[in-house]
Structure formats: structure tokens, C-alpha cells
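# Structural description and commentary
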Amino acid sequence: MALHLEQLSVNDGHAVYDMLQRIGACENEFKNTAHGLTYEEFQEWLKEQDDWAQGRNLPEGYVPQTVFWLFDDAVPVGFGKVRHGLNSHSRTIGGNIGYAIDPLHRGKGYATVLLGCLVEKARELNVGETLLSVEKYNPASKRVIEKNGGKQINENSERWFFTFD
Ligand SMILES: CC(C)(COP(=O)(O)OP(=O)(O)OC[C@H]1O[C@@H](n2cnc3c(N)ncnc32)[C@H](O)[C@@H]1OP(=O)(O)O)[C@@H](O)C(=O)NCCC(=O)NCCS
């Protein structure tokens, strides 16, 4: 089975929950809204995220987004989100794709594989031109984007902007 992506499912269990507790609530502007939830709350969160992927029950101003886990065999090692479009917030911070790796598994090349898979998913979801932004204090993520062929299109004092087409 080796490295593979799995889309979030309402049946995800403890392995995914435990990983989400190790990843911070907000690391380098990447939001992990499952951090700090009880297991019961996590199960509700899964239902919410599954709804959002289908475009159901979206909060005002939100666009549909799909969450994917990166597994190494049976072990979840990171996760990413693909936003199917952009709103005013994600156009300036975040973009169409965000990702984080379990702190237990950083520095092993997983983010590089994960981003490649997420770009592929964005294509399957017909996202079109896919935007990513990265904080200038996060050179590891910039490197991950460049290794995947991201094209830098802009920058401001705080972040760089890349696209994949
Ligand atoms: C950023 C993050 C996703 C990287 O995950 P990872 O699995 O450790 O990344 P990889 O191992 O695939 O690759 C990291 C690359 O950055 C390089 N790198 C690491 N620290 C670096 C630094 N300070 N300066 C420059 N490059 C750096 C590594 O050497 C590696 O490149 P290489 O393969 O050419 O040697 C991970 O640290 C994380 O989850 N951070 C918190 C959330 C986050 O920042 N998400 C991204 C938001 S844009």
C-alpha cells in the first residue's frame, strides 16, 4: 500500500484523531480545527467536513473543501485540504491548498509527496489555476512547493504566492 491519500470519511478513527492532536491548532497560518476536540467532538467534526466537501451546510462565505490524509501504509502521517475555489481570505492567505505533517514525521519528505498528491486532486476537482501562499518565515514549505514545480507569481512583505497549472 505504501504512501497513499485517503479522503476524509465519517468513519475515520483514533489513528487520525491522535495525529490531529499532535499537529497544532494553527501552525504557520495552517488551521487544524480538530486540534483540542474531544473524540466525540472529532466525530461531529468529521461529519461537518464531509458535508463541506459535498458543498452542504457551508458557513457564510465558505467554499467547498475536501480533506485528505496522507498514509504511509496504515499510519496517517499528515493531511491537507483542497479548497474548490477562493474567497477574499483564501485569495490573500492560504490559497486553494493547505497541508501539515505530524510533528513525529517531519523532515522525511512526506510534505513533498503530499503536496504533489493534493495538486493532482485539485486537478481532478477542476479547481483550475491552483493558488498557494506561504509565510516568509516558513522556508521548508516554500521548498516543498518549489520541489513540486510551483511557479512563484507574486510576493508581499509577509508571504510568497505560487500557482500550479
Ligand atoms: C512545512 C512542513 C509541511 C514540511 O513538512 P516535511 O514533511 O518536514 O517536509 P519535507 O520533508 O517534504 O521537505 C522539507 C524540505 O524543506 C527543507 N527545509 C527544512 N527546513 C528548511 C529551512 N529552514 N530552510 C530551507 N529549507 C528547509 C528540507 O531540507 C526539505 O528539502 P530537501 O528535500 O530538498 O532537503 C511541516 O514542517 C509542517 O507541517 N509545518 C506546520 C504546518 C505548515 O507550515 N504548513 C504549510 C503551510 S504553507
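Preceding this section is the structure that the text describes.
Residues numbered from 1 in each chain as written. Predicted model: local features only at pLDDT ≥ 70, side-chain atom pairs only at ≥ 80, totals over all residues. Heavy atoms only, no water.

Attention shifts here to the packing of helix α4 (residues 110–124) against helix α5 (residues 139–147). The geometry of α4 relative to α5 is characterised by a closest axis approach of 9 Å and an angle of 50° between their N-to-C directions. Taken together, the axes of α4 and α5 are oblique relative to one another. Read as a crossing pair, α4 and α5 show a hand that is right-handed. For the pair α4 and α5, contact is made by A111, T112 and L115 and by V144, I145 and K147, respectively. Of the residues in the contact of α4 with α5, the class split is four nonpolar, one polar and one charged. (Axes fitted to C-alpha atoms, helices over the stretch in contact; angles between N-to-C directions. Helix = DSSP H or I, 4+ residues; strand = E, 2+ residues; numbered from the N terminus. Parallel < 35°, antiparallel > 145°, perpendicular 65-115°, else oblique. Left-handed = near helix turned anticlockwise from the far one by under 90°. Contact = heavy atoms within 4.5 Å. Nonpolar A, V, L, I, M, F, W, Y, C, P; charged D, E, K, R; others polar.)

The next thing to look at is the sheet that holds strand β1 (residues 3–7). Here we have four strands laid out as an open sheet, ordered β1-β4-β5-β6, and antiparallel in their pairing. The sheet is open, and its two edges are formed by β1 and β6 (97–101), each paired on a single side. Strand after strand, the sheet turns through a mean of 25° between neighbouring axes, direction not considered. Most of the contacts of helix α2 (residues 39–53) go to strand β4 (residues 65–72), to which it runs at about 120°, and overall it touches β1 and β4. (Pairing = 2+ DSSP bridges.)

This part takes up the layout of surface pockets. Counted as a void, the largest pocket has a volume near 1,100 Å³. If you go around the largest pocket, you meet 46 residues; those closest to its centre are E29, F30, K31, G98 and Y99. If one sorts the elements of the lining of the largest pocket by residue count, α5 sits on top with six residues. Of the residues assigned to the lining of the largest pocket, the class counts are 19 nonpolar, 17 polar and ten charged. (1 Å grid on protein atoms, 1.4 Å probe; cavity = no way out; pocket = protein on both sides within 12 Å on 5 of 7 lines; lining within 4 Å. Points joined across faces, edges and corners; volume = space filled by probe spheres on them.)

Below, the discussion takes up helix α1 (residues 14–22). Listed as buried for α1 are V16, Y17, M19 and L20. For α1, the arc enclosing every buried residue in end-on projection is 165°, short of the 170-degree limit, so these residues lie on one face. Check the buried side of α1 and you find it contacts α2, β4 and β5 (75–83). (Buried < 20%, exposed > 50% of the residue type's maximum accessible area, 1.4 Å probe, protein only. Arc of directions from axis to C-beta.)

What follows deals with the site of the ligand. In the neighbourhood of the ligand, 20 residues make up the surrounding shell, with Y99, G107, G109, T112 and K147 lying closest. For the ligand, an oxygen atom lies 2.8 Å from a polar atom in the side chain of N28. Backbone polar atom of I101 to an oxygen atom of the ligand: 2.8 Å apart, as the coordinates give it. Contact with the protein chains hides 70% of the accessible area of the ligand, taken as 970 Å² for the molecule alone. Element by element, the count of residues in the shell around the ligand is highest for α5, at six residues. Of the residues contributing to the shell around the ligand, the split by class is eight nonpolar, seven polar and five charged. (Near = heavy atom within 4 Å. Polar contact = N/O pair within 3.5 Å; in protein donor to acceptor, adjacent residues only side chain to side chain. Areas by Shrake-Rupley, 256 points an atom, 1.4 Å probe, with all protein chains shown as cover.)

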